[in-house]
Amino acid sequence: MLQTISLLVENKPGALMRITGVLSARGYNIDSLTVARTLDPALSRMTIVVDVDPQLRQQVIKQMNKLVNVLQAIDLTEQPAVAREMLLMRVRAPMESRTAILKEAEIFGARVVDSSIDGFALELTGDPEKLEEFIDIMRAYGDIDVTRSGMVAVSLEPRKLRLSPPVPKADPVLEDPIRKGA
Amino acid sequence: MPNLMSGSQMLLECLMREGVECVFGYPGGVMLPLYDEMYEHPLRHVLVRHEENAAFAASGYAMATGKVGVCMATSGPGATNLVTGLVNALMDSIPIVAITGQVPTKLIGSDAFQEADTFGISRACTKHNYLIKSIADLPRIVHEAFYLASTGRRGPVLIDVPKDVLQSQAHYSPVSAIHLPGYKVYTAGHAGQIRRAAQMIWDAERPFVYAGGGIIASGAHEELKRLVELVDTPAVCTLMGLGGLPSSHRNFISMPGMHGSYAANMGMTKSDLLIALGVRFDDRVTGRLAAFAPHAKVIHVDIDPSEISKNRTADLPIVGDAKRVLQRLIKALEDLAPEAAGRKAEARRAWWQQIRAWQTEHPLAPEISSTEIKPQHVMVEIDRLSGGEAIVCADVGQHQMWAAQFIRFNRPRLWINSGGLGSMGFGLPAAIGAQFACPDKLVFAVIGDGGFQMSIPELATIASHGLPVKIVVVNNGYLGMVRQWQHLFYNNRLCAVTLDCFPRAESLAAAYGFPGRTVDSPADLRPALEQAVSEPGPFLLDIKVSPEENVYPMVPAGGAIHEMILRPPQPVSVPK
C-alpha cells in the first residue's frame with residue numbers, strides 16, 4: 001500500500017541520503033520523491049510516496065523523526081491533505097489528429113506549452129489518477145513522452161512544529177581539575 | 001582577541017574542551033597534520049594495531065566509564081576498517097566519536113589515493129555523521145558530535161575531516177551553544193503516563209521487571225534497585241543490562257532469552273505485567289514474538305520513541321530517560337502505597353512461590369568435572385576471583401553466554417560485551433579501552449579461541465603499555481556456537497568450525513614479553529587464574545576446555561521462550 005510522507009528537513013548535505021536510507025535499508029521502493037526549499041531557504045519540504053507494509057508505517061515515520069536533520073515527518077496517507085502531481089508530455093501530432101488532441105487536452109485542463117509541426121508539448125496538473133487517465137487517452141494518438149514531477153502534498157490541518165531550543169554549551173574545561181591546575 | 005589556529009589545533013582544542021583524556025587511533029597520510037600537532041600535545045594517543053580495534057577500544061572505554069570514547073583513523077582503508085566498530089556502537093548505543101581523515105576537499109570524488117566515501121559509507125553505521133568542508137564549521141561540528149553521541153539514545157558519531165581543513169588557519173572562538181532544532185531528547189516522561197504506570201504496577205498480580213542497557217546508559221541502577229525493592233518484584237537484566245541490578249540481589253532472576261534462565265523465561269511468559277525499562281524487545285530475548293509474554297500488559301520506558309511498539313506493542317508507553325522516569329515512578333508508587341501496596345498481597349506471595357519453584361526446578365547450575373575443564377567451571381572460578389567487582393570484557397559466542405550466566409556483576413559498567421551486533425574480535429580491544437579507563441581495576445578479557453585469533457595483533461598494544469589485562473582464552477578448538485548450531489540443527493554436519501593450530505600460549509605471550517600459561521586439567525584451573533591475577537602486568541591463559549560442551553538452556557531461533565532445551569536435546573514444553 002502506498003504511503004504518503006511529508007517531511008520538513010534541514011537543507012544540508014546528506015539529509016536526503018539519511019531519509020531515503022530509512023527506506024532503502026528495509027528494501028522499500030520509492031514511488032516518487034520531491035524536494036524543494038520552503039519559505040525559509042534553510043529548510044526543504046519533501047514529499048515521498050513509498051510502498052510500505054501498513055503495520056510498519058508508524059515505525060518508518062518514527063525512524064525519520066529520529067534523524068537529526070529532520071524537523072518533522074508526518075504520515076499524510078489517511079490525513080486530510082491535498083496531493084497534486086504535474087506532468088509534461090510530448091505528443092506527436094500529424095495534421096489529421098491535431099484538433100482531436102487539443103480537444104482532449106482541453107477536457108483535462110492541460111495547457112499547450114509548445115507547438116510545432118511535429119506535435120505538442122502539454123502540461124497537466126492534477127491528482128495521480130487524473131494524470132494516468134490522460135496518459136492512457138493520449139497514447140491512442142501515437143507516440144508520447146512523459147515526465148512526471150512526482151507527488152507534492154500539503155496537509156490541510158495546521159501542524160504544531162516542535163523544535164529543540166539551543167542548549168548552552170557547558171565548558172567542561174572549567175570543571176576539570178587537571179586543566180584547572182594547568 | 002581570538003586565537004589564530006590551524007584545523008588540527010582547533011580539533012585538539014575542542015577535544016580538550018570535551019574533557020577527552022585519551023584517544024585510540026592509527027595514523028595515515030591525510031592525518032599527518034593532526035598527528036604532527038599531537039607530537040607535543042597533552043592528549044594521550046594510544047596506537048592500536050588495527051583501526052577496527054580503535055573503535056572497539058573506544059567502545060570499551062565508553063562502556064566502562066559512560067564517557068564518550070574517541071577513535072581516529074586515516075582516510076580510505078583506515079575509515080572502512082572502523083565500520084564494524086561503528087555498527088557495534090550503534091547497535092549497543094555506545095557513545096563514541098570517530099574522527100577520520102579525508103583526502104583534500106579539491107580531490108574528493110577524484111578516486112584519489114586512499115579515498116573512500118566515508119561520509120556515505122558511515123551514514124548507516126552511525127547515529128549521525130559529518131563531513132567538514134570548511135574550518136569555520138569545525139568547532140561547531142566537533143561539539144555537536146559529542147553532544148549527539150552522549151545524549152538521548154547514545155551512539156556513534158563520525159566526523160570526516162579533509163586534510164586541507166586540518167591545514168587551513170582561522171580564528172578560533174569557543175562554541176557557546178549547541179543548536180540542533182530537529183534533534184529531540186526526551187527525558188522526564190509524561191506525568192500522567194507515569195501515574196498510570198504506578199497504578200498498573202500496584203494492581204498487577206504477577207509483575208515482572210525486564211531491565212536492559214538503558215538502565216546502565218542512564219545510570220539508573222540505584223533507582224532500579226529501589227523500584228524492585230519497593231514493589232518486591234522479580235527482575236531480569238538483559239545481556240546489555242547485566243549489573244543494572246546487582247547479580248547477588250535476592251530479586252534478581254538472571255538473564256532472559258535464548259540462553260537465559262528457566263525462571264527468567266517462565267517468569268516473562270506467565271507474568272501479567274512486564275515493566276520494560278530501557279530494553280528493545282530484541283529477538284534474542286523474546287523468541288517467537290507471538291508467544292512472548294502472552295498474558296502480560298506492557299509498560300515500556302525508553303528514551304527512543306522509535307523503540308516503543310517496534311516489536312511488542314506497549315500498553316503504556318513512557319518516552320524518557322530511565323533514571324528520570326524511575327525517580328518519578330518511584331515517587332508515584334510511594335504516593336499510592338498506603339492504600340495500594342497490600343492489595344494484591346496474596347497473589348504476589350503465590351507469584352514469588354512460583355518464581356522460586358522454577359528456580360529450584362531448573363537452576364542455572366554450572367557443569368563441573370574433575371577430569372576435564374568445563375567452560376562453565378572457568379566462569380565460576382573467574383566469578384570467585386571477581387566477587388562481582390571486576391570488569392569482564394567478553395568476546396562473542398558460547399563463552400560469552402557462559403560468562404553472562406555464571407559471572408556476577410554487582411555494579412553497572414563491569415560487564416562489557418558486543419550484544420546487538422555480536423561482533424567477534426570485540427573482547428580484547430574492549431578490555432584495552434576499559435583498562436585505560438580504569439587503570440586500577442582488575443580487567444578480564446574472556447575470549448573464545450576464535451575471537452582471540454581475530455585480536456592477536458592487540459597483544460602488542462597490551463605489551464607496549466604494560467596493561468595488566470588478564471586474557472582468558474576459553475579454548476575448545478572450535479567456533480563453538482556455530483558448532484553447537486550445526487550439532488543441534490544441521491545433523492552435526494560440522495563444516496568450517498574446527499580451529500586447529502592454536503599457538504602455544506607460553507610462546508605467544510613470551511614473544512610479546514609477558515607471561516602465559518596453558519591449562520588443561522581442572523586441578524590447575526584455580527591456581528592458574530590466581531597466578532594470572534597476582535601478576536602485576538598482562539597475562540595470557542589458554543584454558544583447554546571440553547570441546548563439545550553446548551550452552552543450555554537454549555531457545556531455538558524462532559521458538560517460544562518457554563519452550564527451552566534445558567539439557568542435551570529433550571524439549572520441555574510447559575502448558576499455558
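Structure first, text after, so check above.
Just so you know, these numbers come straight off a predicted model, no measurement behind them.

K.L.:
Break down the overall build of chain A for me, citing the residues and quoting the values.
P.N.:
When you go through chain A residue by residue, the secondary structure sums to six helices and 10 strands. Over its C-alpha atoms chain A spans a radius of gyration of 23 Å, topping by over 25% the 16 Å that the globule rule assigns to 182 residues. Here the C-alpha coordinates of chain A stretch approximately 90 × 35 × 30 Å along the principal axes. Burial analysis of chain A (182 residues in total) assigns 40% to the buried set. Relative to all contacts within chain A whose residues are 6 or more apart in sequence, the contacts with residues 24 or more apart total 70%. For chain A, the accessible area works out to roughly 10400 Å², and carbon and sulfur atoms hold 55% of it. Here chain A carries 23 positive and 25 negative side-chain charges, and the mean point of each set is 9 Å from the other.

K.L.:
Before we move on, can you summarise the packing of aromatic side chains with the specific residues and values?
P.N.:
Residues and elements named next belong to chain B. On inspection of all chains with the given rule, the structure shows 13 aromatic pairs over all chains. Pairing Phe 452 with Phe 502 gives two aromatic rings, centres 5.8 Å apart and planes at 40°, and the pair type is tilted. Placement of Phe 452 in helix H19 (residues 449-455) and of Phe 502 in the loop between helix H21 (480-489) and helix H22 (505-512) is noted, with a sequence separation of 50 residues between them. A residue is classified by how much of its surface remains accessible, and Phe 502, at 18% relative accessible area, is buried. Seen from the ring of Tyr 478, Arg 483 lies directly overhead, with NZ or CZ sitting 5.4 Å from the centre.

K.L.:
Run through the nonpolar core, naming residues and quoting values.
P.N.:
One broad rule of soluble globular proteins: the nonpolar side chains tend to lie buried together. Residues and elements named next belong to chain B. Core analysis: the biggest nonpolar cluster contains 120 residues, and Phe 24, Phe 452 and Ile 471 have the highest contact counts within it. At 10 residues, helix H14 (residues 322-340) tops the list of elements feeding residues into this core. If near-sequence neighbours (up to four positions away) are discounted, Phe 452 is found in contact with Ile 447, Leu 459, Ile 471, Val 473, Phe 502, Leu 508 and Leu 540.

K.L.:
Tell me what's going on with the interface of chain A and chain B, and back it up with residues and numbers.
P.N.:
Taken residue by residue, the interface counts 31 residues in chain A and 30 residues in chain B. Taken over both partners, the interface formed by chain A and chain B buries close to 2500 Å², and the fraction arising from carbon and sulfur atoms is 53%. Applying the counting criterion to the chain A and chain B interface returns two salt bridges. In this assembly, chain A and chain B are joined by 14 residue pairs in polar contact (both at pLDDT 80 or more). Secondary-structure elements contributing two or more residues to the side of chain A that touches chain B are helix H1 (15-24), helix H2 (57-66), strand S4 (70-75), strand S10 (167-168), helix H5 (172-175) and helix H6 (177-181) of chain A. The dominant element in the side of chain A that touches chain B, judged by the number of residues it contributes, is H2 of chain A, at five residues.

K.L.:
Report on the environment of Ala 505 of chain B, specifying residues and quantitative values.
P.N.:
Residue and element names in this part refer to chain B. By secondary structure assignment, the location of Ala 505 is in helix H22. Note on Ala 505: relative accessible area 1%, which makes it buried. Between the C-alpha atom of Ala 505 and that of Leu 316, which follows or precedes it by 189 residues, the distance is 53 Å. Once you skip the residues sitting within four places of it in the chain, Ala 505 turns out to touch Gly 516, Arg 517, Thr 518, Leu 540 and Asp 542.

Thresholds applied
Residues numbered from 1 in each chain as written. Chains lettered and ligands numbered in written order. Predicted model: local features only at pLDDT ≥ 70, side-chain atom pairs only at ≥ 80, totals over all residues. Heavy atoms only, no water. Helix = DSSP H or I, 4+ residues; strand = E, 2+ residues; numbered from the N terminus. Rg over C-alpha atoms; globule rule 2.2 N^0.38 Å. Buried < 20%, exposed > 50% of the residue type's maximum accessible area, 1.4 Å probe, protein only. Contact = heavy atoms within 4.5 Å. Areas by Shrake-Rupley, 256 points an atom, 1.4 Å probe, with all protein chains shown as cover. Lys, Arg positive; Asp, Glu negative; His and termini not counted. Charge placed at Lys NZ, Arg CZ, Asp CG, Glu CD. Phe/Tyr/Trp six-rings, centres within 6.5 Å; stacked < 30°, edge-to-face > 60°. Lys NZ or Arg CZ within 6 Å of the ring centre and 35° of its normal. Core = buried A, V, L, I, M, F, W, Y, C linked by side-chain atoms within 4.5 Å. Buried area = accessible area lost by both parts, 1.4 Å probe. Salt bridge = Lys/Arg side-chain N within 4 Å of Asp/Glu carboxyl O. Polar contact = N/O pair within 3.5 Å; in protein donor to acceptor, adjacent residues only side chain to side chain.

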